Amino acid sequence: MMLRELGEFGLLEALGLFDRPHPPGWVGPGDDAAVVPAPGRPLLITTDQLVENVHFRRRTTGARDLGYKCLAANASDVAAMGGRPLACTVCLAAPGDLPLDWIEDLYAGFEEGSAAFGCPVIGGDTSSAPLVVVSVALLGLAGAAGPVLRSGARPGDDLYVSGTPGESALGLRLLEAGEDTGDRARSTLAQRHRRPEPRLALGAALGDAGLATALIDVSDGLLQDLGHVLRASGVGAEVWAERLPVSPDLAGVAAALGVEPLPLVLAGGEDYELLFTAPPPRRARIFEAAREAGTRVRRIGRVGTTQELSLTRRGAPLAMPGALGFDHFPRRG
């Protein structure tokens with residue numbers, strides 16, 4: 001059997017990584033970060049790698065932006081557990097003919113991310129490779145109420161998303177097509193792809209107060225990442241298309257390009273927004289926490305009793321996008 005026949009998460013299942021027993025309080029594969037009990041608050045551990053020509057291209061992503069984005073992606077995993085970043089290590093594999101100034105710019109981006117996210121780089125490793133591969137391992141601390149897992153959603157919970165998903169995907173489309181990004185709207189979209197901002201303040205607020213029952217970041221696409229929450233929780237959900245946040249920049253540029261914005265919002269990845277569930281009585285506290293964190297949130301649906309995911313517009317069923325999000329090893333056939 002080939003990887004493309006399994007799919008990314010089918011591979012993890014085939015390896016038995018979801019079924020291995022762990023000591024009490026430990027959380028292994030299946031969430032945004034692993035959880036290890038420690039004196040005080042539990043430790044959160046996450047790792048991510050960006051591979052040239054898979055996650056980025058040097059012609060469209062500058063080295064400094066790449067370093068910043070690597071840390072942002074890992075910091076977002078900690079935010080998606082309701083925690084705060086603590087420290088990280090960075091590994092770099094690269095071809096021998098890579099210019100030194102490119103590597104210096106990459107590490108300058110790491111330093112910018114470290115300062116922005118309160119996450120110093122405390123070590124790492126280097127190796128040779130035919131392409132650039134950057135890998136970050138990040139430690140964080142869980143919130144005061146404990147880590148927020150993907151498995152806590154319950155029927156009747158509200159479904160929320162932060163910010164404006166879809167902007168990074170359209171920004172990438174502009175960059176890949178070599179489109180002019182000189183005007184303000186297009187520049188904003190390109191920047192959303194190059195320099196995503198993890199929702200650290202919101203994640204910490206949700207984790208400290210125990211407001212969210214389940215939490216994940218939107219890295220592979222809103223619907224695909226929501227699917228991970230639903231499977232982990234054994235529930236379904238209805239997403240209301242009329243409630244999805246579509247920014248003026250996204251709507252305007254999509255219209256100019258003749259692109260439908262809804263699939264970008266639903267299936268575009270690398271926004272690093274937070275998608276979470278919570279019981280209806282917590283609505284006022286959630287919106288207050290979001291205001292204090294300086295991040296808008298939108299209630300976009302409801303968790304249901306069946307294990308199905310549906311998309312509606314004012315109660316009428318809508319067809320799902322052809323692809324729900326990004327998969328490194330998409331199933332074929």
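Here, the structure is the one placed above.
Heads up: these notes are all about the structure in this document. In this text the structure is predicted, and so the values were computed from the model without any measurement.

**What about the packing of aromatic side chains?**
Link 1 in the chain: Going through the model one piece at a time under the given rule, you end up with four aromatic pairs.
Link 2 in the chain: When the ring of Tyr160 is compared with that of Phe276, the centres are 5.0 Å apart and the planes differ by 10°; the resulting orientation is stacked. Highlighted residues: Tyr160 in strand S6 (residues 158–162) and Phe276 in strand S9 (residues 273–278), separated in sequence by 116 residues. Each of the two residues, Tyr160 as well as Phe276, counts as buried.

**Examining the environment of Leu139**
Link 1 in the chain: Mapping Leu139 onto the fold places it in strand S5 (residues 133–141).
Link 2 in the chain: When the C-alpha atoms of Leu139 and Ala33 are compared, they prove to be 9.2 Å apart, with 106 residues separating the residues in sequence.
Link 3 in the chain: Setting aside residues up to four positions removed in sequence, Leu139 forms contacts with Leu44, Ile45, Pro85, Leu86 and Ala87.

**Observations regarding empty space enclosed by the protein**
Link 1 in the chain: One pass over the structure, following the stated rule, counts one cavity of 30 Å³ or more.
Link 2 in the chain: Around the largest cavity, the lining residues are His55, Phe56, Thr61, Leu66, Lys69, His193 and Arg194.

**Examining the sheet that holds strand S12 (residues 316–317)**
Two modes of strand pairing occur in sheets, parallel and antiparallel, and in both the strands are linked by backbone hydrogen bonds.
Link 1 in the chain: Spatial ordering of the open sheet is given by S7-S9-S6-S10-S8-S11-S12, a layout of seven strands whose pairing is mixed. Single-partner strands in this sheet number two, and they are strand S7 (214–218) and S12.
Link 2 in the chain: Across five bridges, S6 lies against strand S10 (residues 297–304) in antiparallel orientation. Note on S10: the bridge partner recorded for Tyr160 is Arg299.

**Observations regarding the pairing of S10**
Link 1 in the chain: Where strand S8 (residues 236–240) meets S10, four bridges bridge the pair, whose relative direction is antiparallel. Bridging from a neighbouring strand, Gly236 pairs with Gly304 of S10.

**Quick look at the packing of helix H3 (residues 63–79) against helix H4 (residues 100–117)**
The geometry of a pair of packed helices is captured by two quantities: the angle between their axes and the separation between those axes.
Link 1 in the chain: With their axes 6 Å apart at the nearest point, H3 and H4 run at an angle of 40° to one another. Taken together, the axes of H3 and H4 are oblique relative to one another. At the point where H3 passes H4, the crossing takes the right-handed sense. Between H3 and H4, the residues in contact are Ala63, Arg64, Leu66, Gly67, Tyr68, Cys70, Leu71, Ala72 and Ala75 and Trp102, Asp105, Leu106, Ala108, Gly109, Phe110, Glu112, Gly113, Ser114, Ala116 and Phe117, respectively.
Link 2 in the chain: When its residues are assigned to classes, the contact of H3 with H4 shows 13 nonpolar, four polar and three charged.

**Focus on helix H11 (residues 283–293)**
Link 1 in the chain: Burial in H11 covers these residues: Ile286, Ala289, Ala290 and Ala293. Down the axis of H11, the smallest arc covering the buried residues is 100°, so these residues share one side. Facing away from the buried side of H11 by more than 90 degrees, the exposed set consists of Ala284, Arg291 and Glu292.
Link 2 in the chain: Contacts made by the buried residues of H11 are with S6, helix H7 (200–209), S9 and S10.
Link 3 in the chain: Directly beyond the C-terminal end of H11, a positive phi value near 70° is found at Gly294.

**Side note on the side chain of Asp271**
Link 1 in the chain: Take Asp271: it is sitting in the loop between helix H10 (261–267) and S9.
Link 2 in the chain: Polar side-chain contacts of Asp271 include one of 3.2 Å to the backbone nitrogen of Ser168.
Link 3 in the chain: Those residues in contact with Asp271 that sit more than four places away from it in its chain are Thr164, Pro165, Gly166, Glu167, Ser168, Arg192, Pro196 and Val218.

**Quick look at the sheet that holds S5**
Link 1 in the chain: Strand order in the open sheet formed by five strands is S1-S2-S5-S3-S4, and the pairing between neighbours is mixed. Each having just a single partner strand, strand S1 (34–36) and strand S4 (121–128) make up the two edges of the open sheet. Each strand of the sheet is rotated relative to its neighbour by a mean of 20°, with strand direction disregarded.
Link 2 in the chain: Across nine bridges, strand S3 (residues 84–94) lies against S5 in antiparallel orientation.

**Looking at the environment of Pro147**
Link 1 in the chain: Tracing the backbone through its elements, the reader meets Pro147 in the loop between S5 and S6.
Link 2 in the chain: Under the relative-accessibility criterion, Pro147 is labelled partly exposed at 28%.
Link 3 in the chain: Residues in contact with Pro147, not counting those within four places in the same chain, are Val35, Pro42, Leu44, Met81 and Ala142.

**Here we look at the packing of H7 against H11**
Link 1 in the chain: Here H7 crosses H11 at 140°, and the two axes come no closer than 9 Å. Between H7 and H11, the crossing angle belongs to the class labelled oblique. The chirality of how H7 crosses H11 is right-handed. Here Ala201, Leu202, Ala205 and Ala209 of H7 lie close against H11, whose contacting residues are Arg285, Ala289, Ala290 and Ala293.
Link 2 in the chain: Its residues assigned to classes, the contact of H7 with H11 shows seven nonpolar, no polar and one charged.

Calculation notes
- Residues numbered from 1 in each chain as written.
- Predicted model: local features only at pLDDT ≥ 70, side-chain atom pairs only at ≥ 80, totals over all residues.
- Heavy atoms only, no water.
- Phe/Tyr/Trp six-rings, centres within 6.5 Å; stacked < 30°, edge-to-face > 60°.
- Helix = DSSP H or I, 4+ residues; strand = E, 2+ residues; numbered from the N terminus.
- Buried < 20%, exposed > 50% of the residue type's maximum accessible area, 1.4 Å probe, protein only.
- Contact = heavy atoms within 4.5 Å.
- 1 Å grid on protein atoms, 1.4 Å probe; cavity = no way out; pocket = protein on both sides within 12 Å on 5 of 7 lines; lining within 4 Å.
- Points joined across faces, edges and corners; volume = space filled by probe spheres on them.
- Pairing = 2+ DSSP bridges.
- Axes fitted to C-alpha atoms, helices over the stretch in contact; angles between N-to-C directions.
- Parallel < 35°, antiparallel > 145°, perpendicular 65-115°, else oblique.
- Left-handed = near helix turned anticlockwise from the far one by under 90°.
- Nonpolar A, V, L, I, M, F, W, Y, C, P; charged D, E, K, R; others polar.
- Arc of directions from axis to C-beta.
- Polar contact = N/O pair within 3.5 Å; in protein donor to acceptor, adjacent residues only side chain to side chain.

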